[in-house]
Amino acid sequence: MFGWIDDPQIVRQNIIANLKYKERSSMRVPHFMGIDVGLKNDGTAVTVGHWVEEIVNGLKVDRLEVDQSIVRNAEAEGRDYFVPDEIADWLATFTDKFYIYRALMDQYYGMTIVPYLHKKGFRQFEFRQFNDQLNSSVYQVLMTDFISSAIRLPAGELRQVEGSKVNDSDLVTELLTLQAEQKSKYMIKVGAPDRKGEHDDLSDSLARMVFLARSEEHTSELQSQK
């Protein structure tokens, strides 16, 4: 096992100092939603983002801006567990706050939650089986975007960490704790350290949001070439 992020600057260079999380957005542009569902021991995390266009050195550059990153944990709310319908209803509230074009979660709970959402008319929600190969690909896409500064991360409160002032959000703090295991030459397994109190819920939701947005971007490019 080794630290997935060997240099915190890889992530921190994506933090935009004056960018804050949004409670809602009236922008009618496609927003993507990554979801990691946990009903008891783990939290249910949601990350929402959308593409923005910037001009860098006279050239147009697309970057993925994180609008919201939030987690609910049953224990923190004084509960023993959540039930799937309750989480489904909570996820649906994001469609009132953002123009959610596509939303992706894991198959494990998704097989119960997504049909419920579809029955309510929220057909932008989908699930996929996140096996080792797909999980590895998802985190490799995220790493590539971090290295190329293709993500716009909201800043957290300024605080002191190991003698330095940083503006890490809870999401960034979690990302910097992730561990990785080399499963094969081209496949890694990324997750929280095996220590009490460590989590990867926010990170998984971010990685899925980025993967979904990148997949949609690639599809759009292929369609525009036809």
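One can find the structure itself at the top, above this paragraph.
First things first, this report covers the structure right here in the doc.

The rules behind these values
Residues numbered from 1 in each chain as written. Predicted model: local features only at pLDDT ≥ 70, side-chain atom pairs only at ≥ 80, totals over all residues. Heavy atoms only, no water. Core = buried A, V, L, I, M, F, W, Y, C linked by side-chain atoms within 4.5 Å. Buried < 20%, exposed > 50% of the residue type's maximum accessible area, 1.4 Å probe, protein only. Helix = DSSP H or I, 4+ residues; strand = E, 2+ residues; numbered from the N terminus. Contact = heavy atoms within 4.5 Å. Pairing = 2+ DSSP bridges. Phe/Tyr/Trp six-rings, centres within 6.5 Å; stacked < 30°, edge-to-face > 60°. Lys NZ or Arg CZ within 6 Å of the ring centre and 35° of its normal. Salt bridge = Lys/Arg side-chain N within 4 Å of Asp/Glu carboxyl O. Polar contact = N/O pair within 3.5 Å; in protein donor to acceptor, adjacent residues only side chain to side chain. Axes fitted to C-alpha atoms, helices over the stretch in contact; angles between N-to-C directions. Parallel < 35°, antiparallel > 145°, perpendicular 65-115°, else oblique. Left-handed = near helix turned anticlockwise from the far one by under 90°. Nonpolar A, V, L, I, M, F, W, Y, C, P; charged D, E, K, R; others polar.

### Thoughts on the nonpolar core
For step 1, the next point in the chain: Formed by 35 residues in total, the largest nonpolar core has its most connected members in W4, L142, F146, L153, L175 and L206.
For step 2, the next point in the chain: Among the secondary structure elements, those contributing two or more residues to this core are α1 (9-12), β5 (59-72), α5 (132-147), β8 (151-154), α6 (170-175), β12 (187-191) and α7 (201-225).
For step 3, the next point in the chain: With sequence-adjacent residues up to four places away left out, L175 is seen in contact with W4, I5, V11, L142, F146, S203 and L206.
For step 4, the next point in the chain: Membership of the second largest hydrophobic core comes to 22 residues, among which are V48, F82, V114 and L117.

### Concerning the pairing of β5
For step 1, the next point in the chain: Strand direction decides the pairing type here: strand β4 (residues 44-56) and β5, joined by 13 bridges, are antiparallel. Considered in β5, the bridge of V56 is made with L59.

### What about the packing of aromatic side chains?
For step 1, the next point in the chain: On inspection of all chains with the given rule, the structure shows 5 aromatic pairs.
For step 2, the next point in the chain: Centre to centre, the rings of W90 and F94 are 5.3 Å apart; their planes meet at 80°, and the pair counts as edge-to-face. F94 matches W90 in its accessibility class, with the two residues each being buried.
For step 3, the next point in the chain: An aromatic cluster is present here, built from W4, Y139 and F146 joined pairwise through their rings.
For step 4, the next point in the chain: The residue whose ring lies beneath R28 is Y99, and the NZ or CZ to ring-centre distance is 4.3 Å.
For step 5, the next point in the chain: Lying across the ring of F130, R208 places its NZ or CZ 4.2 Å from the centre.

### Quick notes on the pattern of salt bridges
For step 1, the next point in the chain: In total, this model carries 15 salt bridges according to the counting rule given.
For step 2, the next point in the chain: For K22, the salt bridge goes to E65, with nearest N and O atoms at 2.8 Å. Here the residue K22 occupies a position in the loop between β2 (15-16) and β3 (31-36), and E65 occupies one in strand β5, the gap between them amounting to 43 residues. In terms of burial, K22 and E65 fall into one category: buried.
For step 3, the next point in the chain: Residue R195 pairs with E198 through a salt bridge whose shortest N-O separation is 3.0 Å.

### Comments concerning the side chain of T47
For step 1, the next point in the chain: Note on placement: T47 falls in strand β4.
For step 2, the next point in the chain: A distance of 3.3 Å separates the side chain of T47 from the side chain of S69, its partner in a polar contact.
For step 3, the next point in the chain: Residue contacts for T47: discarding those within four places in its chain leaves F32, M33, G34, V66, Q68, S69, L202, S205, L206 and M209.

### With respect to the pairing of β4
For step 1, the next point in the chain: Inspection of the sheet shows β3 paired to β4 by 6 bridges, in the antiparallel sense. Residue pairing across strands places H31 opposite H50, the latter belonging to β4.
For step 2, the next point in the chain: The loop that links β4 with its antiparallel partner β5 comprises 2 residues; one of these, N57, has a positive phi angle of about 55°.

### Observations concerning the packing of helix α2 (residues 84-92) against helix α4 (residues 107-119)
For step 1, the next point in the chain: At their nearest, the axes of α2 and α4 sit 9 Å apart, and the two run at 55° to each other. The angle between α2 and α4 falls in the class oblique. Note that α2 runs across α4; the crossing there is right-handed. Residues P84, D85, I87, A88, D89, L91 and A92 of α2 touch α4, and the partners they reach there are T112, I113, Y116 and L117.
For step 2, the next point in the chain: Tallied by class, residues from the contact of α2 with α4 come to 8 nonpolar, 1 polar and 2 charged.

### Here we look at the sheet that holds strand β11 (residues 179-184)
The strands that make up a sheet are held in pairs by hydrogen bonds between backbone atoms, and each pair lies either parallel or antiparallel.
For step 1, the next point in the chain: Here 3 strands make up an open sheet; going across it, the order is β1-β11-β12 and the pairing antiparallel. The strands lining the two open edges of the sheet, one partner per strand, are β1 (2-3) and β12.
For step 2, the next point in the chain: As defined by bridge partners, β11 adjoins β12 across 5 bridges and the pair is classed as antiparallel. When the sheet's bridge partners are listed, E181 is paired in β12 with K189.

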